[in-house]
Amino acid sequence: MELYLIRHGIAEEHQPGLKDEERQLTPEGKEKTEKIAQRLVKLSFNFDLILTSPLVRAYQTAEILIAAGLSSQLETSDHLSFDGNIQNWWQEWLKPRKYPQKTKLALVGHEPSLSHWAEILLWGEAKESLILKKAGMMGIKLPDDGSPLGRSQMFWLTQPKYLL
């Protein structure tokens, strides 16, 4: 299975009276995310499913990916919010579904959670070494035996500016 960890695009700044979960993509964030999505289409990326955090900015990012034609399926998962735990997600969401080995699954979420998840998949622990930029994407190949923690391989990591 291939996992694509995608950080949401540029969002509104924190401000009094605006709940963090309600922060939206800025016009610039939407524009850049749309350009990146179109570039991913030109590079022949596609996903069997896009799973997103329910927070507005992540959901808007996922909708842009859907609109670009990168997938036709979109679901939300609270596990992709800030305090999501990869082991809980793996046990509750992915493991029981038994997706085929060739499944391409995009996860749209937030930092530092996505980088921590990647590090756990790659090295078995979060080392605070990776940073996923806004609207950035990282591709990770999970081993076929269904035991990915610390045994996965990164095959894609590109800063968004190289896709614009």
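A brief look at the structure comes next. (Residues numbered from 1 in each chain as written. Predicted model: local features only at pLDDT ≥ 70, side-chain atom pairs only at ≥ 80, totals over all residues. Heavy atoms only, no water.)

### A few points about the overall build of the protein
When helices and strands are counted, the protein shows four helices and six strands. N-terminal to C-terminal, the α/β element order of the protein is β-α-β-α-β-α-β-α-β-β. In terms of overall dimensions, the protein is globule-like: its C-alpha atoms have a radius of gyration of 15 Å, near the 15 Å expected for 164 residues. C-alpha atoms of the protein, sized along the principal axes, occupy 45 × 35 × 30 Å. Per-residue burial over the protein gives 48% buried out of 164 residues. A separation threshold of at least 6 residues defines the contact pool for the protein, and within that pool the share at least 24 residues apart is 67%. Total accessible area on the protein is roughly 8500 Å²; 47% of this is exposed by carbon and sulfur atoms. (Helix = DSSP H or I, 4+ residues; strand = E, 2+ residues; numbered from the N terminus. Rg over C-alpha atoms; globule rule 2.2 N^0.38 Å. Buried < 20%, exposed > 50% of the residue type's maximum accessible area, 1.4 Å probe, protein only. Contact = heavy atoms within 4.5 Å. Areas by Shrake-Rupley, 256 points an atom, 1.4 Å probe, with all protein chains shown as cover.)

### Brief notes about the side chain of Ser77
Relative to the elements of secondary structure, Ser77 occurs in the loop between strand E3 (74-76) and helix H3 (86-94). On the basis of relative accessibility, which here comes to 5%, the residue Ser77 falls in the buried class. Those residues in contact with Ser77 that sit more than four places away from it in its chain are Leu51, Thr52, Ser53, Pro54 and Trp89.

### A short note on the sheet that holds E3
Read across the open sheet, the six strands follow the order E3-E2-E4-E1-E5-E6; overall the sheet is mixed. The outermost strands of the open sheet, each flanked by one partner alone, are E3 and strand E6 (153-158). The sheet shows a mean angle of 20° between the axes of neighbouring strands, taken without regard to direction. When strand E2 (residues 49-52) meets strand E4 (residues 104-109), the two strands line up parallel, connected through four bridges. Note that in E4 the partner of Thr52 across the bridge is Val108. Together, strand E1 (2-7), E2, E3 and E4 form the strand contacts of H3, whose direction differs from that of E4 by roughly 130°. Contacting E1, E4, strand E5 (137-141) and E6, helix H4 (residues 113-123) runs over the sheet at an angle of about 155° to E1. (Pairing = 2+ DSSP bridges. Axes fitted to C-alpha atoms, helices over the stretch in contact; angles between N-to-C directions.)

### Side note on the pattern of salt bridges
Counted by the stated rule, this structure contains five salt bridges. Salt-bridge contacts for Asp20 lead to Arg23; the nearest nitrogen and oxygen are separated by 2.7 Å. For Arg23, a relative accessible area of 8% translates into the label buried. Here the residues in one salt-bridge network are Asp20, Arg23 and Arg57, joined through shared partners. (Salt bridge = Lys/Arg side-chain N within 4 Å of Asp/Glu carboxyl O.)

### A word on the pairing of E1
Burial runs high along E1: five of the six residues are buried. Pairing of E1 with E4 involves six bridges; the strand directions are parallel. Paired with Tyr4 across the two strands is Ala106, which belongs to E4.

### A few points about unusual backbone geometry
Look at the link from Glu111 to Pro112: it is a cis peptide, with omega at 5°. In this structure, Pro112 sits in the loop between E4 and H4. Positive phi, close to 70°, is recorded for Ser44, a residue that is not glycine. Within the secondary structure, Ser44 sits in the loop between helix H1 (27-42) and E2. Residue Ser44 is classed as exposed on the basis of its relative accessible area, which comes to 60%.

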